[in-house]
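# What the coordinates show
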Amino acid sequence: MAEPRPVLEMTGIVKEFPGVRALSGVDFRLFPGEIHALLGENGAGKSTLIKVLTGVHSLDGGTITLDGQSVRFASPLQAQQAGISTVYQEVNLCPNLSVAENIFIGREPTRAGRIQWKQLRRKAAELVDRLGLDIDVTAPLSSYPLAVQQLVAIVRSVGTGDSVAEGSGTKVLILDEPTSSLDRDEVLELFALMRRLKEQGVAILFVSHFLDQIYEVCDRMTVLRNGTLVGEHMVSDLDQVGLVQLMIGKALDQLEELHDHQLHSGVGEPLLQADGLGRTGGIAPFDLEIKKGEVIGLAGLLGSGRTELARLLFGADQPDSGKVTIGGKQVSMSAPNDAIAAGVAFCSENRKTEGLVPDLTVRENIILALQAARGWTRPIPVSQRDELVAKYIKALDIRPANPEARVGQLSGGNQQKVLLARWLITQPKLLILDEPTRGIDIGAKAEIQKLVVSLSEDGMSVLYIAAELEEVLRLSHTIGVLRDRRLVAQIANGPEITTSRILETIASGEHQ
Amino acid sequence: MSATTQSRTAPDRRTTSKTARLLGDRRLPVLVTAALFLVMYIAGLSRYQNYGFAEPQVFMNLFIDNSYLLVAAVGATFVILSGGIDLSVGSVIGFTTMFTAWLVERQGMPILLVIPLALAVGAVGGFLMGYVIQNFEIQPFIVTLAGLFLFRGLCLVISKESISITDSSVSSMAQAQVSLGAGFLSVGAIVALVVLAAAFYVLHYTRFGRRVYAIGGNEQSAMLMGLPQGGTKIAVYTVSGFCSALAGLLFTLYIQSGDPLHATGMELDAIAAVVIGGTLLTGGSGYVLGTVFGVLVLGLIKSIIQFEGTLSSWWTKIATGVLLCAFILIQRAMTARKKT
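Remember, it's a predicted structure, so these values are computed and weren't measured experimentally.

Moving on, we get to the overall build of chain B. Scanning chain B from N- to C-terminus turns up 16 helices and 4 strands. Over its C-alpha trace chain B gives a radius of gyration of 21 Å, about what one expects of a compact globule, namely 20 Å for 340 residues. When the backbone C-alpha atoms are referred to their principal axes, chain B occupies close to 75 × 55 × 35 Å. Counting every position in chain B, which comprises 340 residues, the buried fraction comes to 51%. Residue pairs at least 24 apart in sequence account for 78% of intrachain contacts in chain B once pairs closer than 6 positions are excluded. Between the mean site of the 21 positive side-chain charges and the mean site of the 14 negative ones, chain B shows a separation of 17 Å.

Structure representation (C-alpha cells):
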C-alpha cells in the first residue's frame, strides 16, 4: 500500500516549561481518514502536544505541517480556522442556547447583519441528520444528557464544512478524553459518529485512558513517555500487554500482581448495617451489610444509583426511609459530620469540585479532614502534622513529594492520592471510594487498587464504585449490582463470577 | 445508530409531563410577569373604576412616567444577561441630569448639542468600566461600585445645588405630546419604546446579541468556542452606560432640572425590574420583553398607591421587595429543576 501523504505532520516538537522539558523532539503524523490514538501515562506529554498543536501553547522548537504547508497557530481560533478542531472532556458549549445555536454560534448565517434563524435551524438539522444523529435542534442544549451534548460539540467542531459558507472544513478533529463520563451505549454512539467522520475523510486524534476503546475504534497509535516519542504502531500490530509496557516503560509487575491477587479471607464481624435505607428520587430502599475488612464493589451503569447509595451512607443526602447501624449503634446520618464521627470516609467522584481545594497546598489538603475531626480550636502540633503528612506522601507515593506544592498543579492521579490521604489520616472504619480511578493513568490506577487491597487486609472496610467492571471484580468480596436506582443483587465474588455474569445481572436486573 | 439516540432521547421527551416542560420553558417567567401585570391592572380597574383608572391615558402614563427607568432597565438587561451587574446606572443618570442642566443653563449650550455629548460621556464611562472588568479580571460588582461613587462625586463637582432648567427648547421638547387615538405619549416614552425595539432586535437577531446570551450561559465555553468574549463584555457595559446616559436625558426632560441627588439608587430599581421580568441574575436566560413587564409592574404599583391615596409612597418599596423575593424564588425553583 503506497502510503498517502499525512494531513498533519509534526516533527521534532520541543516544548519547555520553567524547569521542565514537557516535550523533547516528538514526531507525530496523522493521515486523512484514520482514527489515531495518542497514548501515554499522565504527564507523558499528551495534553501538551495537543495544546502546542492547537495554539494554546507556543512552540519552542520543531515544525508543524498541515496539508503540506508549514503552520504555527497563535490561538485555538486560528487552528480552528485552519481546520483543526478540538473537543474536550468537559463539554464547552452553552447550555442555555438551543442545539442549533450551539452548532452555529459565531458563524450564524446572516443577511445585512440579521441572523437568518430559519436557515440556521435548517442547516443544523441537515448537519445532524447527515451525521446520523436524532436530535431536536430547536431544544435547549441543557435538555439533553451529557453524552448527547458531547455529540453536539463534535457536530459543532466539524460543522464548518460545506454546510457553511465560511470556514474551510475540518481536516483534523481532536477528541481529548471524550468518553470518560459516558456509559457504554453512549460510547458506542460516539464511536459510530467517529467512524462516519472517518469515512468522510476527517483525521481523528483520539485520547482515552480506556485501552479497550483504543482497540475497538483506532487504526494507528502513537505512544509517548516522559515527553519523548516511544513509537508509532498500527493497532493491529501491538497487543494490550505490549502497549502497556510501552506506556509505562517497564514490565507489568504491578498489574500482574493484581491480576493474580487472591482476595484475602480475613473478613470479620459486621461493621455497617443499612435496613431499608432509601431516598425518593435517589435510590429505592435497600438492605446492605458491610463487614470489617470487606471490599464491596458497586456495579451498574452511569446513573443507576451507585453514587446516590454512597451519598446516603455518608449522610451527604438525607434518607427518607430506613436506618443505619454502625458497630451496633444506630447513627442518625443527617449530615456528613455524623458519618465522619462514626468512622465513615467518602472520596467523591468529582475530586475537583467536591473534594480538593486546588489553591491550598498538599499538606493543607491532607490535614483538612483530620483538623475538622479534632475541631478548629485544637490545632494539630506542627511536628506531628509534618510527620503525618510526610508519612502519607511516602505511603501513597504522591509526586512531587513536596508538601508545599499546590494541589491544583498535580496530575489527576496524584490529586486522587491526596484526597485518599486526607481520609486515610483520619483512620476511618469504612472508606467509600466513588470512581477513584476515573481519568487517571494506568500506573496510578494499579497503585490505588493495590492500596485498597492492603487497606482491607488491615481490617478497613471499603465500598468501591467504579465504571470498569474488571476493576470491581478484581477487588471486591461482594458485588452489589445496581439497576435503575435499585440495588438488585448482591453477589459473593468467586472464581465462577465473571464480568459477563455481572453484565447479565445488570441487563436483566436479576441474579440467578 | 440513530435508533439508539432515539431510544434514549425520545422517551425523555415523552415521559416529561406537560407541567414539567412548562416549568422548563424559558419564556415562563415572562408569562408569569405579564399575567401578574394583567391581574394587577384588572384589580385596579375594578377598584378605582370611578376614579378614572379605566382611562387609556392611565395606561399610557405608565410609559411616560417610567420612560427613564425602562431605558435604564433595558441597559441593565444586557449586563445581567451577560452574567454581570452594573451598579453605576443611578449615578450616571444623576450625573447626566447635572451635566445637561449645567451645560444648557450655565453655559448656554443648545440642547441638541448637549444630547450627543451626554450620551458619549455615558458610553465612554461604560466602556471604561467594561475595559477594567475585562482586562484586569475584576468583578463587575466592584468596578461598577467604583463607577457609582465616581459619577455621584462628579455631580457635586459640577454644582452642590440643583439647577432647574428654564430653557424654552427643553421645555417644549418635554411638553410635546404624540397623540395616539385615545391618549398621548411623551417624547421620552417614544424614545423608550424605540430603545426597547432596538434592544429586542439586537439581542435576538444579531451575532452580538447571541454572544451576550452565550457569555451569560458559560463564559469559559464561549471563549473556547472562539467567540470574541472580551469585546462582547466591554460592549455590554458600553451599552449599559449609553442607556444610563439616555435614561438620564429622559429623566432631565421629565423633571426639568439637574440635581446631584437625582436618581439615587435607581440602579436597584432597574435591576429589580429586570429580575421581576424573569431574567436570571446568573445570566444567559431572559428576555428584554420581560424587562418591560417588570418596569410596568413597578410602575403600576406606584399608580395604584397613588389612586389609593391613603397609602404612603414607601409601600411601593415594600411591594417591590415582596415581588422580588417571590420572583427570585421562582427562578430558584426553575434552575433547581433543570439540574436534576
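Before going further, it helps to examine the interface of chain A and chain B. Residue-level contacts link 36 residues of chain A with 28 residues of chain B. Between chain A and chain B, the buried area comes to about 2800 Å², and carbon and sulfur atoms account for 53% of it. Of all residues in chain A, A:N96, A:D134 and A:E189 bury the most surface against chain B, accounting for 21% of the area lost on that side. At the boundary of chain A and chain B, one finds 2 salt bridges. One salt bridge connects B:R210 with A:E101, and the closest N-O pair in it is separated by 2.4 Å. In this structure, the connection of chain A to chain B is made through 8 residue pairs in polar contact (both at pLDDT 80 or more). Broken down by secondary-structure element, the contributors of at least two residues to the side of chain A that touches chain B are helix 2 (76–81), helix 3 (99–104), strand 8 (114–115), helix 5 (146–158) and helix 6 (184–199) of chain A. Of all the elements, helix 6 of chain A adds the most residues to the side of chain A that touches chain B, at 5 residues. Its residues assigned to classes, the side of chain A that touches chain B shows 16 nonpolar, 9 polar and 11 charged.

So, about the nonpolar core. The biggest cluster of nonpolar side chains holds 148 residues, and the ones touching the most others in it are A:L39, A:I103, A:L173, A:M194, A:L197 and A:F206. The greatest single-element share of this core, amounting to 12 residues, is contributed by helix 5 (residues 67–81) of chain B. In this structure A:I103 touches A:A124, A:L127, A:V128, A:V152, A:V155 and A:R156, once residues within four positions along its chain are discounted. A:L370, A:L420, A:I432 and A:L469 belong to the second-largest nonpolar core, a separate cluster that totals 80 residues.

We now examine the sheet that holds strand 4 (residues 61–66) of chain A. The strands that make up a sheet pair up through hydrogen bonds in the backbone, lying either parallel or antiparallel. All names here are of chain A. Taken in spatial order, the 4 strands line up as 2-1-4-5 in an open sheet, and their pairing is antiparallel. The sheet terminates laterally at strand 2 (20–30) and strand 5 (69–71), the two strands that pair on one side only. Averaged over neighbouring strand pairs, the angle between their axes works out to 30 degrees when direction is ignored. Pairing of strand 1 (residues 8–17) with strand 2 involves 8 bridges; the strand directions are antiparallel.

Residues and elements named next belong to chain A. Structurally, chain A comprises domain 1 (8–250), domain 2 (268–343 + 428–512) and domain 3 (354–427). Spacing between the C-alpha centres of domain 2 and domain 3 amounts to 25 Å. Carbon and sulfur atoms supply 74% of the area that domain 2 and domain 3 bury against each other, a total of about 1100 Å² over both sides. Sorting the residues of domain 2 by area buried against domain 3 places P428, E447 and L451 first, and these three jointly supply 39% of that buried surface.

How each quantity is defined
Residues numbered from 1 in each chain as written. Chains lettered and ligands numbered in written order. Predicted model: local features only at pLDDT ≥ 70, side-chain atom pairs only at ≥ 80, totals over all residues. Heavy atoms only, no water. Helix = DSSP H or I, 4+ residues; strand = E, 2+ residues; numbered from the N terminus. Rg over C-alpha atoms; globule rule 2.2 N^0.38 Å. Buried < 20%, exposed > 50% of the residue type's maximum accessible area, 1.4 Å probe, protein only. Contact = heavy atoms within 4.5 Å. Lys, Arg positive; Asp, Glu negative; His and termini not counted. Charge placed at Lys NZ, Arg CZ, Asp CG, Glu CD. Buried area = accessible area lost by both parts, 1.4 Å probe. Salt bridge = Lys/Arg side-chain N within 4 Å of Asp/Glu carboxyl O. Polar contact = N/O pair within 3.5 Å; in protein donor to acceptor, adjacent residues only side chain to side chain. Nonpolar A, V, L, I, M, F, W, Y, C, P; charged D, E, K, R; others polar. Core = buried A, V, L, I, M, F, W, Y, C linked by side-chain atoms within 4.5 Å. Pairing = 2+ DSSP bridges. Axes fitted to C-alpha atoms, helices over the stretch in contact; angles between N-to-C directions. Domains from an automatic or database assignment.

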